[in-house]
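# Fold and geometry: a report
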Amino acid sequence: MKKLLTFIVSSALALSLAACSSQSTVMESAAAAETTEEISAETEAVTETAAETETSADTNASEETAAPEEASEEGVLAAYFSWSGNTEQMAQMIAEETGADLFEIAPAAPYTDDYDELLDIAQQEQAEDARPELAAQVENWDSYDTVFVGYPNWWSDAPMTVYTFLESYDWTGKTLIPFNTSASGGFGRSLSRIEESAAGAEILEGLDLTESELPDAQNRITEWLTGLGFSR
Ligand SMILES: Cc1cc2nc3c(=O)[nH]c(=O)nc-3n(C[C@H](O)[C@H](O)[C@H](O)COP(=O)(O)O)c2cc1C
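Below, the structure is looked at part by part. Keep in mind it's a predicted model, so treat the numbers as computed, not measured. Throughout this document, residue positions are counted from 1 along each chain, in the order its sequence is written. Totals for whole chains, interfaces and linings use all residues, but because this is a predicted model, local features are given only for residues with pLDDT of at least 70 and pairs of side-chain atoms are given and counted only at 80 or more. Where side-chain values are given, they derive from all heavy atoms of the structure, hydrogens and water being excluded.

### Some words on the overall build of the protein
What counts is decided by this rule: By the criteria applied, helices consist of DSSP H or I runs no shorter than four residues and strands consist of E runs no shorter than two, each listed in order from the N terminus. Burial classes follow relative accessibility: with a 1.4 Å probe on protein chains only, a residue under 20% of its type's maximum area counts as buried, one over 50% as exposed, and anything between as partly exposed. Here, Shrake-Rupley sampling with a 1.4 Å probe gives the accessible areas, and only protein chains in the shown set may cover a residue.
When you go through the protein residue by residue, the secondary structure sums to six helices and six strands. Counting from the amino terminus, helix and strand elements in the protein follow one another as α-β-α-β-α-β-α-β-α-β-β-α. Within the protein, the fraction of its 232 residues that count as buried is 35%. Approximately 14100 Å² of the protein is accessible, and the part contributed by carbon and sulfur atoms is 53%.

### Notes on the site of the ligand
Just so we agree on the cut-off: We call a residue near a molecule or strand whenever a single non-hydrogen atom of that residue lies within 4 Å of it. Definition of a polar contact: a pair of N or O atoms within 3.5 Å, with one able to donate and the other able to accept a hydrogen when the atoms are protein atoms, and with sequence-neighbouring residues admitted only if both atoms are side-chain atoms. Under this grouping Gly is polar, as are all residues other than the nonpolar Ala, Val, Leu, Ile, Met, Phe, Trp, Tyr, Cys and Pro and the charged Asp, Glu, Lys and Arg.
The environment of the ligand is made up of 21 residues, and the closest members are Ser82, Ser84, Thr87, Asn153 and Glu211. Glycine 85 has a polar backbone atom sitting 3.0 Å from an oxygen atom of the ligand. In the complex, 90% of the free accessible area of the ligand, which totals 640 Å², lies under the protein chains. Of all elements in the fold, only helix 2 (86-98), helix 3 (115-127) and strand 4 (175-182) reach the threshold of two or more residues within the shell around the ligand. The element contributing the most residues to the shell around the ligand is helix 3, with four residues. Taken together, the residues that form the shell around the ligand break down as nine nonpolar, eleven polar and one charged.

### Digging into a negative patch on the surface
For clarity, the cut-off: Only residues whose relative accessible area exceeds 30% and that form no salt bridge are eligible for patches; like-charged ones are grouped when within 9 Å, while nonpolar side chains (Val, Leu, Ile, Met, Phe, Trp, Tyr) are grouped when within 5 Å. Here, a salt bridge means any side-chain nitrogen of Lys or Arg that lies within 4 Å of a carboxyl oxygen of Asp or Glu. The charge count treats Lys and Arg as positive and Asp and Glu as negative. His and the chain ends do not count. Charge placement uses NZ in Lys and CZ in Arg. For Asp and Glu, CG and CD serve respectively.
Side chains of Asp113, Asp114, Asp116, Glu117 and Asp120 sit close together on the surface and give a patch of like negative charge. As for its placement among the helices and strands, glutamate 117 is situated in helix 3.

### Points about the side chain of threonine 181
This is how it is decided: Residues are treated as being in contact if the distance between any of their heavy atoms lies within 4.5 Å.
Tracing the backbone through its elements, the reader meets threonine 181 in strand 4. On the basis of relative accessibility, which here comes to 3%, the residue threonine 181 falls in the buried class. At 2.9 Å, the side chain of threonine 181 and the side chain of threonine 87 are in polar contact. When neighbours within four sequence positions are excluded, threonine 181 is seen to be in contact with Asn86, Thr87, Met90, Tyr151, Pro152, Asn153 and Leu209.

### Topic: the nonpolar core
Generally speaking, nonpolar side chains in soluble globular proteins are found buried as a group. Here is the rule we go by: Only buried residues count toward a nonpolar core. Its members are Ala, Val, Leu, Ile, Met, Phe, Trp, Tyr and Cys residues joined through side-chain atoms within 4.5 Å.
One finds Val149, Phe165, Leu166 and Trp171 to be the most contacted residues of the largest nonpolar core, which totals 29 residues. Setting aside its immediate chain neighbours within four residues, tryptophan 171 contacts Trp141, Val147, Val149, Phe165, Leu166, Leu176, Ser197, Ala198, Ala199, Gly200 and Ala201. Core analysis: the next-biggest nonpolar cluster, separate from the first, contains 20 residues, Ala78, Met93, Ile94 and Ile177 among them.

### A short note on the layout of surface pockets
Basically, it comes down to this: Here a cavity is any set of points on a 1 Å grid over the protein atoms alone where a 1.4 Å probe fits but cannot get out, and a pocket is any open set with protein on both sides within 12 Å along at least 5 of 7 lines; a residue lines the site when it has an atom within 4 Å of a point. Grid points are joined across faces, edges and corners, and a volume is the space filled by probe spheres set on the points.
Taken as a whole, the largest pocket encloses approximately 440 Å³ of empty space. Tyr115, Pro152, Asn153, Trp154 and Glu211 are the residues nearest the centre of the largest pocket, which is lined by 21 residues in total. Looking at the lining of the largest pocket, the elements that each hand over two or more residues are helix 2, helix 3 and strand 4. If you tally residues by element for the lining of the largest pocket, the top one is helix 3, at four residues. Taken together, the residues of the lining of the largest pocket sort by class into nine nonpolar, eleven polar and one charged.

### Here we look at unusual backbone geometry
Phi at tryptophan 155 is positive, roughly 50°, even though this residue is not glycine. Inspection of the secondary structure assignment puts tryptophan 155 in the loop between strand 3 (146-152) and helix 4 (160-167). One non-glycine residue, serine 156, lies in positive phi territory at about 60°. Relative to the elements of secondary structure, serine 156 occurs in the loop between strand 3 and helix 4.

So, in structure tokens, the structure goes:
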């Protein structure tokens, strides 16, 4: 009887222990499951944060790439051809007042230094409607919205190299402002030819100066630029 009682008590004890242990296993599993959920929730949160960070990094990246475009809206270039320095001087005065970058339009094969020889060469190039090759190209053309284009009067026209320059670029949406120096003839017949060669450009009022006007032309240049909306 005593043995039977001992068996019953120990069996009951064993059963309750087993129940307890399986319960703790369940609880551990539940805790583990909760931890897994937490981890996966955290992972999700981290992933989302990473995605957001990536998106914001992307946004920053596109802002960064957008910045030069914004800056380019104010880009001004003063491109000029000059054989004996007068037009270059005028270009420098324009650049000082507008902050324009300077670019020299020059042929790949430089013109002779001999004035009389040059007169013949210039005349021949005009007769042939030549397009002499250029020595250099404008870097970052797209960053310029306004381009001053200056040249001397050669036989009542622009040097043919200027037309090579004009025809080398896309002028769509650009503003072109011509300027010129001469002995007395001003722009000659160049303005209508410029319009053809820079198709798509909006052409604003230009300024032409004679060689003798040039040394005292600062005020005229300032007035002209102010009239065009430039101020410094
Ligand atoms: C080949 C050549 C042709 C020229 N033809 C004319 C002309 O037809 N009419 C005029 O008024 N000046 C003419 N000139 C004078 C230039 O236009 C003037 O000296 C100009 O200011 C020179 O500019 P640069 O020093 O920038 O080269 C000619 C000069 C050269 C070299």
